[in-house]
Amino acid sequence: MSGPSRPGGLSISSSPSGLSAPARRRLRSMPLYVVVWLIGVVMVTPLLYAVVSGFKTTDQLSDNAFGLPSPWVVSNYTDILASSSFWRMLGSSTLIAVGTTVLTVGAAALAAFALARFTFRGRELLFTLFTVGLMFPFAVAILPLFILLRTFGLLDNPWGVILPQAAFGLPMTLVILRGFFREIPGELEEAATLDGCSPFGFFWRVLLPMARPALGTVSVLAVVGSWNNFLLPLLVFSEPSWWTIPVGVQQFQGQYAADIARVFAYLVIAMIPALGFYAVAERQLIGGITAGATKG
Amino acid sequence: MNTTSTAVPAAQPAPAEDAPSAAENRRPLARRVRDWLTAFGFTVPALVLFGLFVLLPIGYALYVSFFNWGGFGAPSNFVGADNYVRLLGDPVFLGDLWRGLLLVLASVGLQLPFALAVAVLLNQKLRGRAFYRMLFFAPYVLSEVITGVPFSMIFAPDDGLADKVLGAIGLDGLGGLWFADQDWALPTLFLVMMWKYFGFHMMLYLAGLQGIPAELHEAARLDGAGPWHRFRHITLPLLGPTIRMSVFLSVIGAIQLFDLVWVVTQGGPDHHSETMAVTLFQFGFKRYQIGYASAISIAMFLISLVFALLYQRYVLRRDTEGALTSMRATR
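Residues numbered from 1 in each chain as written. Chains lettered and ligands numbered in written order. Predicted model: local features only at pLDDT ≥ 70, side-chain atom pairs only at ≥ 80, totals over all residues.

Participant: Looking at this structure, how should I read the overall build of chain A?
Facilitator: The number of helices and strands found in chain A is 13 helices and zero strands. Listing every helix and strand of chain A by position from the N terminus yields α-α-α-α-α-α-α-α-α-α-α-α-α. Over its C-alpha trace chain A gives a radius of gyration of 25 Å, far above what one expects of a compact globule, namely 19 Å for 296 residues. Projected onto the principal axes, the alpha-carbon positions of chain A cover approximately 70 × 70 × 35 Å. Here chain A, with 296 residues, has 46% of them falling under the buried criterion. At a minimum sequence separation of 6, the contacts of chain A that also span at least 24 residues come to 78%. (Helix = DSSP H or I, 4+ residues; strand = E, 2+ residues; numbered from the N terminus. Rg over C-alpha atoms; globule rule 2.2 N^0.38 Å. Buried ≥ 20, exposed ≤ 12 C-beta atoms within 10 Å, placed from the backbone. Contact = placed C-beta atoms within 7 Å.)

Have a look at this one:
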C-alpha cells in the first residue's frame, strides 16, 4: 500500500526503465484496480441479484439462478407499485421521518445553543448527561419504553415512534451542533446584543442561518436513522395502517415466503427511496457521520 | 483554551470559553439568576424529551428487574436480585456474551483492517474512486431488514446464490447450510455485517486520511521511506484518533446488534447466532418474562456503560475531543 502518489513524483528520475512515467504508473496500479473492482463486484452482486430476480418468476429463479430472466416479468414490480399498501407505508415512513427530524433537530439546536454559548452552573453536568445517551443502545430501553408507551396510550400512534426516536437522536445531534455553534465568533453575538437582539433573536436570526450546513447534516442523519428503524415501529404498530417500510418488508417476506421473486421485487422497490436519498444527500450524510465520529 | 475574561458586564451571554465561576461571580445575583433561567429554558424541550423517553425507561427497567413480573398491572412479586442471579447462570445469556466477544474480535481483527486497507487504496488517484467510495458506503444507508432478507435468500441452504457460485467455481465443499448450520451461522452473519458496515468505517478512515498533510509523505519519501514504512510510521499513528473511535463504534454496535439477527435467523439455530438484544426480545415480547428481560436490559446497559467509561478513560483520553472528557481537557 503506497501513499498518495503525486503527479510527477520523484520516483521517475530514479528508475532507468524504458517506459514513460504515466505508463509505468498505470502498470503499477493495475493490481490495485483489480482489487477495487473485485470488491465492487462483491458489493454489487447481492443488489443486482435482487433486481434481476425481481424480474423472474419463482420457477425461473430456481431453474436459472444466474442468467437473465426469460421472459422478463414486470408484474412483480408493477403489482407492488399498484398496491395501496406500499404507498401507505411509504407515506408513514416519510411522515415519521420528517416528524422525528423536526423534533430532534429543533430540540437539540435549542439545547446546543444554551450549552455552547452560555456559561451557567451545571452546564457541563448537563452536557455530560446528554453525551452519556450516546452509548445507550436503543435495544436497552425498548422493553420499558414499550410499557411506557402503552401507559401513555401511544401504541398504534405515530407519536409513539416519533418521540422516542427523537429522544434517542438527541445526543448525537447535540454534540455535532454544539461543536458547530462554538466555532461562531463571540464578537458576532456581542454585536447582535448591542443591536438589541434578545438571546432567542440571536439564535433564530443569526445562529441558525449561519449553521445551515450543520443543520443539513444532522437532519440527514435523523432522516436515515428514522427511515431504517425497525424494532420500535415493529412493536408500536400492531395494525398495518401505520407500518413503515422495514416492518412492511419483514411482513411481506413472511406472507409471500413461497413467492421469492415477488419478495425480491418488493425489496428492490423498498431500497429505492433510501438509495435515492443517499444519492441526493451524500455530502451531508458522510459529513455528519465523520463529524459525529470525530466530535462525539 | 484561552480564558478571555470579558469583564464587560453588559455582554450578557458570555462567550462559552469562559470558566463559569470567575466571570459569573462579578455579576449581580438577579442577572445571574435571569441568565441561568434563559439558558436553562433553551434546554427544556431536549431535557423533557430525553428524560421521558431515555432516562425514565432505563430507570423503570432497573426497578422492574427486581420483580418476577408478566407485564400486566403493577409490577408485583418482588424477587430481589434473583433475576440477576439467574442471568449469571443462564447458558443462553453467557453464550450471548461469548458470541458478542467473537463478533467484536472479528470486527476489530478483520473488518476494520480491511476497511482501512480499502480506504488507503481509495485515497490514491485511482480512476473512478469517487464511484467506488459511494458504492462501498451504500449498504450502510439501507435498513438492516432490507439487507437481511436478500442475504437470507442468497445463503439459503443448498440452492441459494452463494452455493451456486461456489458450485460453479468448483468449491461445492465450502458451501452448505450457512445460517442453518450451528457452526456457520455466526460466521455467515459476520460476512453480512462486513458487507453492510465496512464502508462506514472506510468513510471514517478516508476522512482521517484527508487530514494527514501530504508534505509528511513527501518528506518521508525524500528520506527514502518505502510505502510500508510511510504507512506504518505516518499514516497509522496520525490516524490513531479515527481508528480508536471506529473501534469504539464497532464494539457498541456489536453489543446492541438486533435487527439483522432478528430478520435473518431470529438467533437460531438453537441460539447459535443469538445476541443479547435478541435474548431480551425473546423474553420480553415472546415469553412475557418482563422482569427477567429487564435484568438483561440493565446488564446490556451496564456493559455498554462500563465499556464506554473505561474506553474514554484509558483509550480516548489522549484524543482531546472525547465526548465525556472534552470539557475537562480544554479547561
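After that view, the rundown keeps rolling.
Participant: What is the right way to read the overall build of chain B from this model?
Facilitator: Across its full length, chain B carries 15 helices and zero strands. Looking at chain B residue by residue over its 331 residues, the buried ones come to 42%. A sequence separation of at least 24 residues applies to 59% of the contacts in chain B between residues at least 6 apart.

Participant: Honestly, the interface of chain B and chain A in this entry has me stumped. Any pointers?
Facilitator: Think of interface size as the accessible area that goes away when the parts come together; that is how it is often given. Every contact between the two is made by 93 residues of chain B and, on the other side, 95 residues of chain A. Top element by residues in the side of chain B that touches chain A is helix α2 (residues 29–64) of chain B. It accounts for 18 residues. Here the side of chain B that touches chain A is built from residues that sort into 68 nonpolar, 14 polar and eleven charged. (Nonpolar A, V, L, I, M, F, W, Y, C, P; charged D, E, K, R; others polar.)

Participant: What is the right way to look at the domain arrangement of chain A in this model?
Facilitator: Residues and elements named next belong to chain A. Entries for chain A in the domain assignment read domain 1 (11–76) and domain 2 (83–295). One C-alpha centre belongs to domain 1, the other to domain 2; they are set 35 Å apart. Elements supplying a minimum of two residues to the side of domain 1 that touches domain 2: α1 (21–54) and α2 (58–63). With four residues, the single largest contributor to the side of domain 1 that touches domain 2 is α1. (Domains from an automatic or database assignment.)

Participant: How do you make sense of the domain arrangement of chain B when you look at a structure like this?
Facilitator: What the domain assignment reports for chain B is domain 1 (22–55) and domain 2 (84–330). Averaged C-alpha coordinates put domain 1 of chain B and domain 2 of chain B at centres separated by 39 Å.

Participant: Whenever I open this one, the environment of M89(A) confuses me. Can you help?
Facilitator: Residue and element names in this part refer to chain A. Following the sequence through the fold, M89 ends up in helix α4 (residues 84–117). The class of M89 is buried, set by 24 C-beta atoms lying within 10 Å. In this structure, the C-alpha to C-alpha distance between M89 and T128, residues 39 residues apart in sequence, is 37 Å. Those residues in contact with M89 that lie beyond four places of it in its chain are W243, T244, I245 and G248.

Participant: Explain the environment of A265(A) here, please?
Facilitator: All names here are of chain A. Here A265 lies in helix α13 (residues 260–295). For A265, a count of 28 C-beta atoms within 10 Å translates into the label buried. Residues A265 and P164, spaced 101 residues apart in sequence, show a C-alpha to C-alpha distance of 32 Å. Contacts of A265, omitting those with residues within four sequence positions, involve G54, N76, Y77 and I80.

Participant: Just checking my understanding: could you explain helix α7 (residues 159–182) of chain A for this structure?
Facilitator: Helical geometry: 3.6 residues make up each α-helical turn, so side chains three or four residues apart lie on a common side. All names here are of chain A. Here α7 is 24 residues long and its end C-alpha atoms lie 32 Å apart, about the 34 Å a rise of 1.5 Å per residue gives. The sharpest bend along α7 measures roughly 40 degrees and falls at L170, with the proline P171 sitting one to four residues further on. Burial analysis of α7 places 21 of its 24 residues in the buried class, the great majority of the element. (Expected span 1.5 Å × (residues − 1). Bend = angle between axes of the 7 residues up to and from the residue.)

Participant: How should the environment of F180(A) be read in this particular structure?
Facilitator: Residues and elements named next belong to chain A. Following the sequence through the fold, F180 ends up in helix α7. In this structure F180 comes out as buried when scored by C-beta crowding, with 22 C-beta atoms within 10 Å. Those residues in contact with F180, other than ones at most four positions away along the chain, are A211 and A214.

Participant: Help me understand α2(B), please; the structure alone is not making it clear to me.
Facilitator: Its 36 residues place the ends of α2(B) only 44 Å apart at the C-alpha level, less than the 52 Å of an ideal helix rising 1.5 Å per residue. The principal kink in α2(B), of about 45 degrees, is found at V44(B), preceding the proline P45(B) by one to four residues. A39(B), F42(B), T43(B), A46(B), L49(B), F50(B), F53(B), V54(B), P57(B), Y60(B), A61(B) and V64(B) are the residues of α2(B) that are buried. In the core, the buried residues of α2(B) are packed alongside α4, α5 (123–132), α6 (138–152) and α7 of chain A together with α14 (290–314) of chain B.

Participant: Quick question: what am I supposed to make of unusual backbone geometry here?
Facilitator: For residues besides glycine, phi is generally negative; the peptide bonds are generally trans as well. In this structure, D156(A) is a non-glycine residue whose phi angle is positive, near 55 degrees. Mapped onto the fold, D156(A) is located in the loop between α6 and α7. Not every positive phi belongs to a glycine, and H271(B) is a case in point at roughly 65 degrees. Here H271(B) is to be found in the loop between α12 (259–264) and α13 (276–286).

Participant: Just to check I follow, could you spell out the confidence of the model for chain A for this structure?
Facilitator: All names here are of chain A. The predicted model of chain A averages 83 in pLDDT, with 91% of residues at 70 or higher. Across chain A, the secondary-structure element scoring lowest on mean pLDDT is α2, at 79, and the one scoring highest is α4, at 92. Long-range and interchain partners of residues 1–16, a stretch whose pLDDT sits below 50, account for 18 contacts in this model, where long-range means more than four residues apart. (pLDDT = per-residue confidence, 0-100.)

Participant: Explain the packing of helix α5 (residues 129–141) of chain B against helix α8 (residues 185–210) of chain B to me, please; I cannot follow it from the model alone.
Facilitator: Working note: a packed helix pair is described by the angle between its axes plus the distance between those axes. Residues and elements named next belong to chain B. Relative orientation of the contacting elements α5 and α8 amounts to 125 degrees, with a least axis distance of 6 Å. Our classification of the angle between α5 and α8 gives oblique. Two packed elements cross with a definite hand, and for α5 against α8 that hand is left-handed. Contacts between α5 and α8 involve R133, F136, F137, P139 and Y140 from the first element and W195, K196, Y197, G199, F200, M202, M203 and L206 from the second. The class makeup of the residues in the contact of α5 with α8 is ten nonpolar, one polar and two charged. (Axes fitted to C-alpha atoms, helices over the stretch in contact; angles between N-to-C directions. Parallel < 35°, antiparallel > 145°, perpendicular 65-115°, else oblique. Left-handed = near helix turned anticlockwise from the far one by under 90°.)

Participant: Would you explain the confidence of the model for chain B in this entry?
Facilitator: Caution applies to low-pLDDT parts of the model: their predicted coordinates are not meant to be read in detail. All names here are of chain B. Taken as a whole, chain B shows an average pLDDT of 81; of its residues, 86% reach a score of 70 or greater. Averaged over each element, pLDDT in chain B is lowest for helix α15 (residues 326–330) (37) and highest for helix α4 (residues 91–122) (93). Here residues 1–20 is a poorly scored stretch, pLDDT under 50, and it has 40 contacts once near neighbours within four places are set aside; other chains count. Contacts from residues 320–331, a stretch scored under 50 in pLDDT, to residues over four places away or in other chains number 23 contacts.

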